[in-house]
Amino acid sequence: MLPRGLPARIVRAHRTAWRAWWRWRSRQHGGRPRIDPEIIGLIRRLHAQNPTWGAPRIHGELLKLGIRIAQSTVSRYLPRRPDKPTQGWLTFLANHADAIAAIDMLCVPTLRFERLYAFIVMGHGRRAILHIEVTGHPTALWLARQVTEAFPWDEAPIHILRDNDGAYGLVFRRRLRAMGIRDRPIRPRSPWQNGHVERLIGSIRRECLDHVIILGESHLRRVLRAYADYYNRDRTHLGLDKDTPLGRAVETDGVIHSTPILGGLHHRYRRKPTK
């Protein structure tokens, strides 16, 4: 007598065999080749790094890289964008850095406990100190004159970033408009919006003023101008790939000599040819 559950087991075995046979019959015998995962990753990488590129542009770039696939294949693997393609904020700032300058004032006490103010202008493009001047009374008229001295009329930046100090009065703002400069005050209590010049002022304090007792206005002017020359010509910057704002050539031959800056607080190193 046959087992009672034998028919059900036979049916299940037949269905299993049928699925196996159909998978064997449906195996790929040609048609479109499968895309290498590395190529898919490259397509998505090109798309992420170049937000304005579409499938035709990416397809053309792949052809130039020796990767021959159809444009429809590129389209299939492009991720959907939630909105209109646009550049990132860092890209925008990098493209406009040469047209941006930042200004700020630095308060310095003297030996006699007087307060002096240093007005500093920095260019965003190469982080260079463009202008430094000192006064005991920073009025709007004085600040307007400093902007004129810092920027020749045909070399003025498009934007100036500044804080909301009351010294930047109506005369100052009118001078900016007359020079074609767009005034860009940051939001109150938001110094990070003018971070480059804030970091510069921190460097001036840490590397210079914290080690010097200022005797008076002319003394502060000499110290700051000596530091600005060192800062622009010799001090390397992480943000400039270890170069200086005004550019510094790599010297490989000769004996290394040092020149003291600010009485030996810093040194300038150069190679001189051997005789």
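The structure under discussion appears in the preceding block.
A.B. asks: Could you give an account of the overall build of the chain, with specific residues and numbers?
C.D. replies: Scanning the chain from terminus to terminus reveals nine helices and seven strands. Here the chain, with 275 residues, has 36% of them falling under the buried criterion. Sequence-distant contacts, at least 24 apart, represent 49% of the contacts inside the chain between residues at least 6 apart. Total accessible area on the chain stands at roughly 18700 Å², and carbon and sulfur atoms take up 53% of it.

A.B. asks: Describe the layout of surface pockets, listing the residues and the values that go with them.
C.D. replies: The calculated volume of the second largest pocket comes to roughly 300 Å³. In this structure, the second largest pocket is lined by 15 residues; those nearest its centre are R127, R199, Y231, R235 and H237. Looking at the lining of the second largest pocket, the element that brings in the most residues is helix α8 (residues 195–207), giving six residues.

A.B. asks: Give me a nonpolar patch on the surface: which residues, what numbers.
C.D. replies: Together, W18, W21, W22 and W24 give the surface a local cluster of nonpolar side chains, amounting to about 510 Å² of exposed area. Counting through the fold element by element, W24 comes out in helix α1 (residues 6–25). Relative accessible area serves as the criterion here: at 49%, W24 is assigned to the partly exposed category.

A.B. asks: Report on the side chain of E207, specifying residues and quantitative values.
C.D. replies: You can see E207 is positioned in helix α8. A polar atom in the side chain of E207 sits 2.7 Å from the side chain of R235.

A.B. asks: Please provide a residue-by-residue account of the pattern of salt bridges, values included.
C.D. replies: Counted according to the given criterion, the structure contains 11 salt bridges. D183 serves as the salt-bridge partner of R162, at 2.8 Å between the closest nitrogen and oxygen. Placement of R162 in strand β4 (residues 159–162) and of D183 in strand β5 (residues 182–185) is noted, with a sequence separation of 21 residues between them. We classify R162 as buried; its relative accessible area is 5%. The exposure class of D183 is partly exposed, given its relative accessible area of 21%. One network of salt bridges, in which partners are shared, links D229, R233, D234, R268 and R270.

A.B. asks: Could you give an account of the pairing of strand β3 (residues 129–135), naming the residues involved and the relevant values?
C.D. replies: Extensive coverage of β3 is indicated by the burial of six of its seven residues. The pairing of strand β2 (residues 115–123) with β3 spans six bridges and is classified as antiparallel. Each bridged residue has a counterpart across the sheet, and for F119 the counterpart in β3 is E133. Counting the residues that bridge the hairpin from β2 to β3 gives five residues, and of these R127 lies at a positive phi of roughly 60°.

A.B. asks: Outline the packing of aromatic side chains, listing residues and values.
C.D. replies: Under the definition given, this model contains five aromatic pairs. When the centroid spacing of 5.0 Å and the interplanar angle of 50° are considered together, the rings of Y168 and F172 count as tilted. We classify F172 as buried; its relative accessible area is 0%. Relative to Y230, the ring of Y227 has its centre 6.1 Å away and its plane inclined at 55°; by these criteria the two rings are tilted.

A.B. asks: Just give me the short version of the packing of helix α6 (residues 140–150) against helix α7 (residues 170–178), but keep the residues and values in it.
C.D. replies: Interhelical geometry of α6 versus α7 gives an angle of 25° and a closest axis separation of 7 Å. By the angle between their directions, the pair α6 and α7 is classed as roughly parallel. Our pair here, α6 against α7, has a crossing hand that is right-handed. In this structure, α6 contributes A140, L141, L143, A144, R145, V147 and T148 to the contact, and α7 contributes V171, F172, R175 and L176. For the contact of α6 with α7, a count of residues per class yields eight nonpolar, one polar and two charged.

A.B. asks: Explain the sheet that holds β5 to me, using residue names and the numbers behind them.
C.D. replies: With respect to topology, five strands assemble into an open sheet ordered β3-β2-β1-β4-β5, the strand pairing being mixed. Edge positions in the sheet fall to β3 and β5, since each has one partner strand and no second. Strand-to-strand twist across the sheet, computed as the mean angle between neighbouring axes with direction ignored, equals 20°. Sheet strands touched by α7: β1 (100–109), β4 and β5. Its angle to β4, the strand with the most contacts, is close to 155°.

A.B. asks: So what's going on with the nonpolar core? Residues and values would help.
C.D. replies: Judged by nonpolar contacts, the single largest core of 27 residues is most densely connected at L106, I120, L200, I204, L209, L220 and L224. For this core, the elements supplying multiple residues, two or more each, are β1, β2, β3, α8 and α9 (217–233). Ranked by residue count, the leading element in this core is α9, at seven residues. Excluding residues that lie within four positions of it along the chain, L220 makes contacts with V108, L116, V134, L209 and I214. Membership of the second largest hydrophobic core comes to 18 residues, among which are L143, I160, A167 and L176.

Definitions and cut-offs
- Residues numbered from 1 in each chain as written.
- Predicted model: local features only at pLDDT ≥ 70, side-chain atom pairs only at ≥ 80, totals over all residues.
- Heavy atoms only, no water.
- Helix = DSSP H or I, 4+ residues; strand = E, 2+ residues; numbered from the N terminus.
- Buried < 20%, exposed > 50% of the residue type's maximum accessible area, 1.4 Å probe, protein only.
- Contact = heavy atoms within 4.5 Å.
- Areas by Shrake-Rupley, 256 points an atom, 1.4 Å probe, with all protein chains shown as cover.
- 1 Å grid on protein atoms, 1.4 Å probe; cavity = no way out; pocket = protein on both sides within 12 Å on 5 of 7 lines; lining within 4 Å.
- Points joined across faces, edges and corners; volume = space filled by probe spheres on them.
- Patch = residues over 30% accessible without salt bridge, like charges linked within 9 Å, V, L, I, M, F, W, Y side chains within 5 Å.
- Salt bridge = Lys/Arg side-chain N within 4 Å of Asp/Glu carboxyl O.
- Polar contact = N/O pair within 3.5 Å; in protein donor to acceptor, adjacent residues only side chain to side chain.
- Pairing = 2+ DSSP bridges.
- Phe/Tyr/Trp six-rings, centres within 6.5 Å; stacked < 30°, edge-to-face > 60°.
- Axes fitted to C-alpha atoms, helices over the stretch in contact; angles between N-to-C directions.
- Parallel < 35°, antiparallel > 145°, perpendicular 65-115°, else oblique.
- Left-handed = near helix turned anticlockwise from the far one by under 90°.
- Nonpolar A, V, L, I, M, F, W, Y, C, P; charged D, E, K, R; others polar.
- Core = buried A, V, L, I, M, F, W, Y, C linked by side-chain atoms within 4.5 Å.

Everything listed here is a matter of geometry and, on its own, says nothing about what the molecule does.
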